[in-house]
Amino acid sequence: MMRMLRGFEYLRGDSPIHRLDPRVKILYSLAYSSLCFISLKATFLALLLAVNIPMLIIGRVIKRWLDMMKAATPFIVLIFLFNILFQRFSNIYGAVAYTLRFVIFMTAFAVLFLTTTPEDLALVMVKLKIPYQYTLAFTMAIRFVPTLSRELQIIIDAQRSRGLELEKGNVVERIRKYMPILIPLIVHEIRRSYTLAEAMESRGFGYTKNRTYYYEMKFTKKDAIALLCTLVSAIFLGILGKMPLWPF
Amino acid sequence: MPRRDIIEVRDLWYRYPEAKEWALKGINLTIKEGELVAIMGENGAGKTTLVKHFNGILKPHKGYVKVCGLDTKEHTVAELARYVGLVFQNPDHQIFASTVLEETMFALKNFGWDLERAEKRAKEILKEMGLLDYIDTSPFSLSGGEKKRLTIASVLVYDPEILVLDEPTVGQDYGQKRRLAKIIERINSLGKTIIVVTHDVEFVAEYIDHVIVMSGGRIIAEGEVTRILCDENIMKRARLLSPQLGIVVKNLEDYIDFKGNFLRLPIFVENLKRWLENDENAKRI
Amino acid sequence: MRALKIKELYFRYVTSSRWALRDVSLEVDEGEFVLITGPSGCGKTTLCRCINGLIPHFYEGEYKGEVVLFEKIKVHEHEPYELADKVGMVFQDPESQLFMTTVEREIAFGLENLGLDREEMKSRVEWVLELLGIEHLRDKAPYELSGGEQQKVAIAAVIAMKPKILVLDEPTANLDPMSALDVINILCKLREEMRITIVIVEHRLDMLTPLVDRIVVIDKGTIIISGSPREVFAREALRLKEIGVEVPKVCLAYKELFDLAKSEVPLTPDEFVKVMLHAKERYNRSKRSLV
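Bear in mind the structure is a predicted one, so any value in this text is a computation, not a measurement.

Q: Quick question: what am I supposed to make of the overall build of chain B here?
A: In terms of helices and strands, chain B carries 11 helices and 10 strands. For chain B, the C-alpha radius of gyration of 21 Å lies close to 19 Å, the compact-globule estimate for 285 residues. Along the longest, intermediate and shortest principal axes, the C-alpha atoms of chain B span 70 × 45 × 40 Å. Across the 285 residues in chain B, those meeting the buried criterion constitute 51%.

Here it is in structure tokens:
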């Protein structure tokens, strides 16, 4: 399950896709994931999926995507079976279609998230005039993930050192055993949030309503071309999908 | 009656998951029952990684660790924890109960003690630590120093043979450190083995005699505190600073032959008095 | 000019029944380097919070007296964020004062808050990275840094805002000796190059004693001792030891050897060695003259 989520985690790199303006990539993900609702023909959807693959290759993130797909296989199979049942075994291609939709959705957004830093996403949020505190909450959450996971491990070690056995017991007992782990973690993080707030105020957060920004997003000619290509191809595929070309 | 080896580490190699470097590189170490020893080094030298092997939280990749004769690879943490009490650095990483009494009894409950006996024992240890007044209060409301004593109490409560303290002096004022040293001395005098992991050179110089120095995942020195903490090369490699009295002794080594544990103030002063007044320990140049 | 003037300050946290600070008066000159110390719980952190406005705005309670900066700014009349470019504060836990995903962004954070334009921000970021010798850490994430590096970044992020007063609350508490020394050397450098006023709260006194202009000791909320390091240790070494304040060992050794209350107490091992050699010479001479 965790491995599947890694398909949405930023992967450091310097490919042409990495260098694209995040806004273009967001549009790409939105466009291509909405395209899968245009038709329920498995062949068309297979084409739609295939179109995404070059993006992953150019972005040099194809391996991570494959890992994600491998980890997602149980889900994919589950969706397929569920759909077969739902359609009462009549239309196997329908089930394939629904399954493909799921995969395309994940893939289109993987292209975005694998090649875009959380900071760039935050910058987009700022450009969209979302109030800065939300953007800040977003970046800070990401910044603290490694710290939190390290502290969680320390807490687990400390409680195990006092004899806590997490592996033993039935479901109810095991859940109760997590209390000595969750409580220190939650209390510690709540306390930390106060310290963070103090430190932020001490560094002038709130000084002026007109906050400036160190980084800027430059929309270059390459981005404009990429945007154009995305829109044109999306429209083209949309029209193609609607035409009665697809057998099943 | 020779003392037995209570901790045996042979050719221990350990690497954290997803790490490229080895955190511990071929550690060889023997600690005898009843010893009071400090494991020193800068942050990242591997001290905490090493002591986590003593109660089985970490298992060796190569080599072995034997505690009270038990091979840690063949026992769970819960089993080993009965022999080794490991007190972590930050009390906030373990305090969770609604009362101080409950917090102290946690380990005993995990070990299957019956409640009556557990409560009695917990109250005993809290009294020794000067925390009896707080039995029914929330541990979260205690001061920093009190929380520290509570975490030690919650481990001492089940009377482990070996007590390991991970950076117990961080954030403590001098008076608190003195109190901590008294607790350590008292427990050690009862025959318990105590290991203090720290980078606090002054604390070690003042209260501990035997020292193991680590750097880059290896043990680079072991022995008497007077020899090791005054050795420039060892201190430099370990990225530690010699204690003040040690620096003085080094700078006066051409003039005075210091005797005894001269890192302890009274002995240091005694050595100097003798030199000043009647050249007793002067070096013949 | 007095950079900082604290007059008859009293403060009681809203959750407590006793005064955290009682009748505290303190004056700090521009460019002075003051060390504040005392046993745990004495009020040192509370005092820091009063200097940059966290008290009374962030921490509520009963507040009497006043804290004035540069003889014109009354701290209790301003929110902490308004004072951020006048008083910079560095906290004890490095992890809890770094919020951004890279060092460069962290330094820029305060500057963005001040609303500076991009040119100015860029130049300040470069300046502060060089000043603290951390250019190589520019793109690193906080969790990739050691404790000492994290504190240096925290100091850089605060200094970039060009405050005239720097307050540090136990900045070396979680650091090993070399990292602590590193941070303290940076403070000395800042003091030399920026003529900044520094107020530091610490337990570990050995490293700082020879470097500061004044030591102020707080116990149970009041200032009990204040003076130059030599004065303080010459007069009060034993009293300090009793209340739980760490006195450099060479000072204690000196007091044991020489009963007279000399005012030239050594603060470092080197000074102590010199004193001992002198004393030995004098002793030998006096012995010879007797014979």
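Q: Is there a simple way to think about the overall build of chain A in this case?
A: For chain A, the count of helices and strands is 11 helices and 0 strands. Taken from the N to the C terminus, the helices and strands of chain A come in the order α-α-α-α-α-α-α-α-α-α-α. Against the globule reference of 18 Å for 248 residues, chain A gives a C-alpha radius of gyration of 23 Å, more extended than a compact globule. Out of the 248 residues belonging to chain A, those deemed buried represent 30%. Taking the contacts inside chain A whose residues are at least 6 apart along the sequence as the reference set, 80% of them involve residues at least 24 apart.

Q: Explain the interface of chain C and chain A to me, please; I cannot follow it from the model alone.
A: It is common to report an interface's size as the accessible area lost on association of the parts. Each partner contributes residues to the interface: chain C has 35 residues there, and chain A has 27 residues. Of all elements in the fold, only helix H3 (103-114), helix H4 (118-131) and helix H5 (147-159) of chain C reach the threshold of two or more residues within the side of chain C that touches chain A. Looking at which element gives the most residues to the side of chain C that touches chain A, the answer is H3(C), with 7 residues.

Q: Any chance you could explain the packing of helix H11 (residues 265-278) of chain B against helix H8 (residues 249-257) of chain C here in plain terms?
A: The packing of two helices is summarised by the inter-axis angle and the distance between the axes. The N-to-C vectors of H11(B) and H8(C) enclose an angle of 50°; their axes lie 10 Å apart at closest approach. Relative to H8(C), the element H11(B) is oriented oblique. For the pair H11(B) and H8(C), the sense of crossing is right-handed. Counted together, B:Leu265, B:Phe268, B:Val269, B:Leu272 and B:Lys273 of H11(B) and C:Lys249, C:Leu252, C:Ala253, C:Glu256 and C:Leu257 of H8(C) form the full contact between these two elements. Taken together, the residues of the contact of H11(B) with H8(C) sort by class into 7 nonpolar, no polar and 3 charged.

Q: I tried to follow the confidence of the model for chain B on my own but got confused; where do I start?
A: For residues with low pLDDT, the predicted coordinates do not support detailed interpretation. Taken residue by residue, chain B gives an average pLDDT of 93. The fraction at 70 or more is 99%. Listed scores for the predicted complex are pTM 0.89 and ipTM 0.91.

Q: Please explain the interface of chain A and chain B as it appears in this structure.
A: Counting from both sides, the interface comprises 18 residues of chain A and, opposite them, 20 residues of chain B. It is helix H8 (residues 132-160) of chain A that contributes the most residues to the side of chain A that touches chain B, 7 residues altogether. Here the residues of the side of chain A that touches chain B are counted per class, giving 9 nonpolar, 4 polar and 5 charged.

Q: Looking at this model, I keep getting lost on the sheet that holds strand S1 (residues 5-14) of chain B. Mind explaining?
A: By definition, the strands of a sheet pair up through backbone hydrogen bonds, in either a parallel or an antiparallel sense. Residues and elements named next belong to chain B. Within the open sheet, the 4 strands sit side by side as S2-S1-S4-S5. Their pairing is antiparallel. Looking along the sheet, the strands with just one partner apiece sit at the ends: strand S2 (24-32) and strand S5 (70-71). As judged from the 2 bridges shared by strand S4 (residues 62-67) and S5, these two strands associate in the antiparallel manner. Looking at S5, one finds that Lys66 is bridged to Asp71.

Q: Just checking my understanding: could you explain the nonpolar core for this structure?
A: B:Ile39, B:Val164, B:Ile195, B:Val204, B:Val211, C:Ile51 and C:Ala156 are the most contacted members of the largest nonpolar core, which totals 199 residues. Looking at which element gives the most residues to this core, the answer is H5(C), with 7 residues. Each of domain 1 (1-83 + 166-175 + 186-220) and domain 2 (93-159) of chain B contributes no fewer than three residues to this core. Once residues lying within four places of it in the same chain are set aside, the contact partners of C:Ile51 are C:Leu4, C:Val67, C:Val75, C:Val87, C:Val167 and C:Val199. Within the second largest apolar cluster, 30 residues are counted, among which are A:Ile17, A:Ala97, A:Tyr98 and A:Leu100.

Rules used in this analysis
Once a new chain begins, its residue numbering starts again from 1 and follows that chain's sequence as written. Chain letters start at A and ligand numbers start at 1, both assigned in the order the entries are written. Local features in a predicted model are, by the rule used here, given only for residues with pLDDT of at least 70; side-chain atom pairs are given and counted only at 80 or more, and totals for whole chains, interfaces and linings are based on all residues. Secondary structure elements are defined from DSSP: runs of H or I of at least 4 residues count as helices, runs of E of at least 2 residues count as strands, and each element is numbered from the N terminus. All radius of gyration figures rest on C-alpha atoms, and the globule criterion is 2.2 Å times the number of residues raised to 0.38. Whether a residue is buried, exposed or partly exposed is read from the other C-beta atoms within 10 Å of its own C-beta, which are placed from the backbone; 20 or more gives buried, 12 or fewer gives exposed, and intermediate counts give partly exposed. C-beta atoms are placed from the backbone for every residue, and two residues are taken to be in contact when these atoms lie within 7 Å. Helix axes are fitted to C-alpha atoms over the stretch in contact, other axes to C-alpha atoms as well, and angles between N-to-C directions run from 0 to 180 degrees. Oblique is the label for any angle not under 35 degrees, not over 145, and not in the 65 to 115 range, which are roughly parallel, roughly antiparallel and roughly perpendicular in turn. Here a crossing is called left-handed whenever its near helix is offset anticlockwise from the far helix by less than a right angle, and right-handed whenever the offset is clockwise. Note on residue categories: nonpolar means Ala, Val, Leu, Ile, Met, Phe, Trp, Tyr, Cys or Pro, charged means Asp, Glu, Lys or Arg, and polar means any other residue, Gly included. Think of pLDDT as the predictor's per-residue confidence, scored from 0 to 100. Only strands that DSSP links by at least two bridges are regarded as paired with each other. Linking buried Ala, Val, Leu, Ile, Met, Phe, Trp, Tyr and Cys residues through C-beta atoms within 7 Å yields a set, and such a set is a nonpolar core. Throughout the structure description, domain borders are defined by an automatic or database domain assignment.

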